[in-house]
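Report on the structure
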Amino acid sequence: MATFTTNYDLIKPGNDDYYDIADFNENMDAIDGQLSLTEQEVTRVKEELEELKSGMGQNESLSAIERKIGNHTDQTNTTLFGAIATHKKATDTTDRKIGNATDQSTNTLFGLLKTLQTQRKLYRYSKTEKKLEYRDITVFENSDNYQFKIHSFHAKYDGSIHVKLAMSGLEKALHLYIADFANTALFELADKSSVPPHLYLDTNSAVYKQTLHDESTHGRTTVCDIVLPVQAGHIYHFVTNGFPYAYTTISSFELFYTEEMV
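Residues numbered from 1 in each chain as written. Predicted model: local features only at pLDDT ≥ 70, side-chain atom pairs only at ≥ 80, totals over all residues. Heavy atoms only, no water.

1. Let's talk about the side chain of H151
- Secondary-structure assignment places H151 in strand 5 (residues 147–154).
- On the basis of relative accessible area, H151 is assigned to the buried category, the value being 10%.
- Looking at H151, its side chain comes within polar contact range of the side chain of D191, at 2.7 Å. (Helix = DSSP H or I, 4+ residues; strand = E, 2+ residues; numbered from the N terminus. Buried < 20%, exposed > 50% of the residue type's maximum accessible area, 1.4 Å probe, protein only. Polar contact = N/O pair within 3.5 Å; in protein donor to acceptor, adjacent residues only side chain to side chain.)

2. Side note on the pairing of strand 5
- Burial within strand 5 is extensive, with seven of its eight residues counted as buried.
- Judged from the seven bridges that link them, strand 5 and strand 12 (residues 235–242) form a sheet pairing that is antiparallel. When the sheet's bridge partners are listed, H154 is paired in strand 12 with I235.
- Where strand 5 and strand 8 (residues 193–194) come together, two bridges link them in antiparallel fashion. Following the sheet pairing, K149 is matched in strand 8 by S193. (Pairing = 2+ DSSP bridges.)

3. What about the side chain of T248?
- Topologically, T248 is positioned in strand 13 (residues 248–256).
- Setting aside its immediate chain neighbours within four residues, T248 contacts I137, T138, V139, M167, S168, G169, L170 and L174. (Contact = heavy atoms within 4.5 Å.)

4. Description of the nonpolar core
- In terms of nonpolar packing, the biggest core is built from 29 residues, with F153, I161, F238 and F253 touching the most fellow members.
- Secondary structure elements with two or more residues in this core: strand 4 (130–139), strand 5, strand 6 (159–168), strand 7 (174–179), strand 11 (223–230), strand 12 and strand 13.
- Once you skip the residues sitting within four places of it in the chain, I161 turns out to touch Y123, F153, I226, V227, L228, V230, F238, L255, F256 and Y257.
- By size, the runner-up hydrophobic cluster in this structure holds eight residues, among which are Y177, A179, L199 and L201. (Core = buried A, V, L, I, M, F, W, Y, C linked by side-chain atoms within 4.5 Å.)

5. Concerning the pattern of salt bridges
- In this structure the tally under the stated criterion is seven salt bridges.
- Its salt-bridge partner being E260, residue R124 comes within 3.1 Å of it at the nearest N-O pair. Pair noted here: R124 is in strand 3 (residues 121–124) and E260 is in strand 14 (residues 258–261), with a separation of 136 residues, a long-range link.
- Overall, the relative accessible area of 39% leaves R124 in the partly exposed class.
- E133 is the partner of R135 in a salt bridge, and the nearest nitrogen-oxygen pair spans 2.4 Å.
- Residues joined by salt bridges that share partners form a network here, namely K130, E133, R135 and E254. (Salt bridge = Lys/Arg side-chain N within 4 Å of Asp/Glu carboxyl O.)

6. Quick look at a nonpolar patch on the surface
- On the surface, I69, L80, F81 and I84 cluster together to form a nonpolar patch covering roughly 350 Å² of accessible area.
- With three residues, helix 3 (residues 80–98) is the single largest residue contributor to the nonpolar patch.
- On the secondary structure map, I69 appears in helix 2 (residues 62–69).
- With a relative accessible area of 36%, I69 lands in the partly exposed category. (Patch = residues over 30% accessible without salt bridge, like charges linked within 9 Å, V, L, I, M, F, W, Y side chains within 5 Å. Areas by Shrake-Rupley, 256 points an atom, 1.4 Å probe, with all protein chains shown as cover.)

7. Details of helix 3
- In this model helix 3 runs 27 Å from its N-terminal to its C-terminal C-alpha over 19 residues, within 8% of the 27 Å that 1.5 Å per residue would give.
- The positive-phi residue at the C-terminal boundary of helix 3 is G99, with phi of around 75°. (Expected span 1.5 Å × (residues − 1).)

8. Notes on unusual backbone geometry
- Although it is not a glycine, D136 adopts a positive phi angle of roughly 50°.
- Relative to the helices and strands, D136 resides in strand 4.

9. Quick word on the packing of aromatic side chains
- Here the structure, examined in full by the defined rule, presents seven aromatic pairs.
- Aromatic ring contacts, followed pair by pair, group Y123, F153, Y157 and Y257 into a single cluster.
- The residue whose ring lies beneath K192 is Y134, and the NZ or CZ to ring-centre distance is 4.5 Å. (Phe/Tyr/Trp six-rings, centres within 6.5 Å; stacked < 30°, edge-to-face > 60°. Lys NZ or Arg CZ within 6 Å of the ring centre and 35° of its normal.)

Structure follows, in structure tokens:
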């Protein structure tokens, strides 16, 4: 009695069966069909492998790609692992230079900033340590100029300075302005000089103002004596404003302060 194979159901005649050419032909057709399917599948797999290799670039073999990737022991930029290791070395060096918030040494950025913070300089108001003095400055009458620059002070540190001004010969309305916002050319203008109209200080930006002579009330203050707070990096312009300046003299202008470490 005939039986059949497990995978493709090919006919297996029994020992007592008569030979039948039809059974043989049926088996051959089944084998031929299966071989054809197998060949088609192998061809498809080859095509997919070629596409994969082409997508990896320049039809490189997997072994060539593996060589470019390298392994965790690589230390040069010729492999991916090596490039990562090199980058890590550079990052570690940078991290060591930056340090962290607990550093006390000036060898790291955090440590240096902490040192600078704990040893920061500031201006301390003083009555005796005179840093600047101008005396007997004549302010000439000029119909084209309403402002007169006495001095520009560039603050290097935070703190406070002591300012003293004495004037005489006041005839008309006159004011003292101190401002930290002005045309940069005003800083370059020489001390003790008339201010050209195009450089006039905007008095609305003054951080301090004092009326030296109020024409409407005939009030007059010939002496200004103040402690001025200053901020590092700011430029403070000391300017008088009035018209005319006939017979006006700045008897004295003085700055006092001391530099201290904190």
